[in-house]
Amino acid sequence: MKDILNDKATLRSQLMNSRSHTGSDRRVAASRALRDALLALPEMAAAATVAAYVPVGSEPGGRDLAEDLAAGSTRRVLLPVLLPDNDLDWALYEGPASLVPAGRGLREPIGPRLGVDGVRTADVLVVPGLAVDRRGLRLGRGGGSYDRALARVPASAVTVVLLYDDEVLDRVPAEPHDVPVDIAVTPAAVYRFTR
């Protein structure tokens, strides 16, 4: 287990370093392509509720991901609120003015909290990640927040990770609690995984 944790830490460091050197022009172009590919998924068209995240820094998806998901539709968009134990509470996104600065450079919704089980109402859960492998196993930042959320969504929900093109790998180190995602969306491709 210690080797897996070390392998994860090393890979995380490499991927975060690579992202930190990604130019803003590439990030903006990638965000547009990711938005278009994500919204084109048939699962998104059918979703009444989407749980997502608010990208920060060089995270794929762009600063306006929540607004892009909500625009021109009647779907509800839920966003996370980070709890002190790194678990995620959820609240309804109600427009850009409903997001406020929070700890760790995050922006969080100010609306009423739905609890950690609020994510169970999602038809689609869009999660951040640093990489995914050909099995759909996702490497996150290491806090376990989204592993917990992925474990809570019903089997009928579709889980999607947004990544840059070079972050789909042959294999990522995995632990028994790691939950695979159904789909990875990159600016150039959509990958579907079977569970």
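What comes next concerns the included structure. Residue positions are given per chain, counting from 1 as you read along its sequence in written order. A pLDDT threshold of at least 70 governs which residues receive local features in this predicted model, and a stricter bar of 80 or more applies before side-chain atom pairs are shown or counted, although totals over entire chains, interfaces and linings include all residues. The side-chain figures draw on all heavy atoms in the structure; neither hydrogens nor water molecules are used.

**Things to note about the sheet that holds strand β9 (residues 158-162)**
Neighbouring strands of a sheet are bound in pairs by backbone hydrogen bonds; such pairs are parallel or else antiparallel. Overall, mixed pairing links the 7 strands, which are arranged β3-β2-β1-β6-β9-β11-β12 in an open sheet. Of all the strands in the sheet, the pair left with one neighbour each is β3 (88-92) and β12 (190-192). The mean inter-strand angle of the sheet, taken between neighbouring strand axes irrespective of direction, is 25°. Here a strand pair is declared whenever DSSP counts at least two bridges between the two strands. Helix and strand assignments come from DSSP, with helices taken as H or I runs of at least 4 residues and strands as E runs of at least 2, each series counted from the N terminus. In terms of strand pairing, β9 meets strand β11 (residues 183-185) through 3 bridges, oriented parallel. When the bridges of β11 are listed, V160 appears paired with I183. Packing against the sheet, helix α5 (residues 145-152) makes contact with β2 (76-82), β3, β6 (124-127) and β9, and its axis sits at approximately 70° to β3. Note on geometry: axes are lines fitted to C-alpha atoms, helical ones only across the stretch in contact, with angles between N-to-C directions running from 0 to 180 degrees. Contact definition: two residues touch when any of their heavy atoms are within 4.5 Å.

**Regarding the layout of surface pockets**
Residues are called lining when one of their atoms sits within 4 Å of a cavity or pocket point, these points coming from a 1 Å grid over the protein atoms alone, where a cavity is a set in which a 1.4 Å probe fits but cannot get out and a pocket is an open set with protein on both sides within 12 Å along at least five of seven lines. Grid points are joined across faces, edges and corners, and a volume is the space filled by probe spheres set on the points. If you add up the space inside the largest pocket, you get close to 640 Å³. Considering the residues around the largest pocket, the lining is formed by 32 residues, among which P128, R141, G143, S145 and Y146 are closest to the centre. Listing elements by their share of the lining of the largest pocket, those giving two or more residues are α1 (2-20), β2, β5 (107-109), β8 (138-139) and α5. Ranked by the residues each element gives to the lining of the largest pocket, the list is headed by α1, at 4 residues. Looking at the second largest pocket, its volume works out to about 180 Å³. Of the residues forming the lining of the second largest pocket, the biggest block, 4 residues, is contributed by helix α2 (residues 24-40).

None of the figures reported here should be taken as evidence of function without further support.
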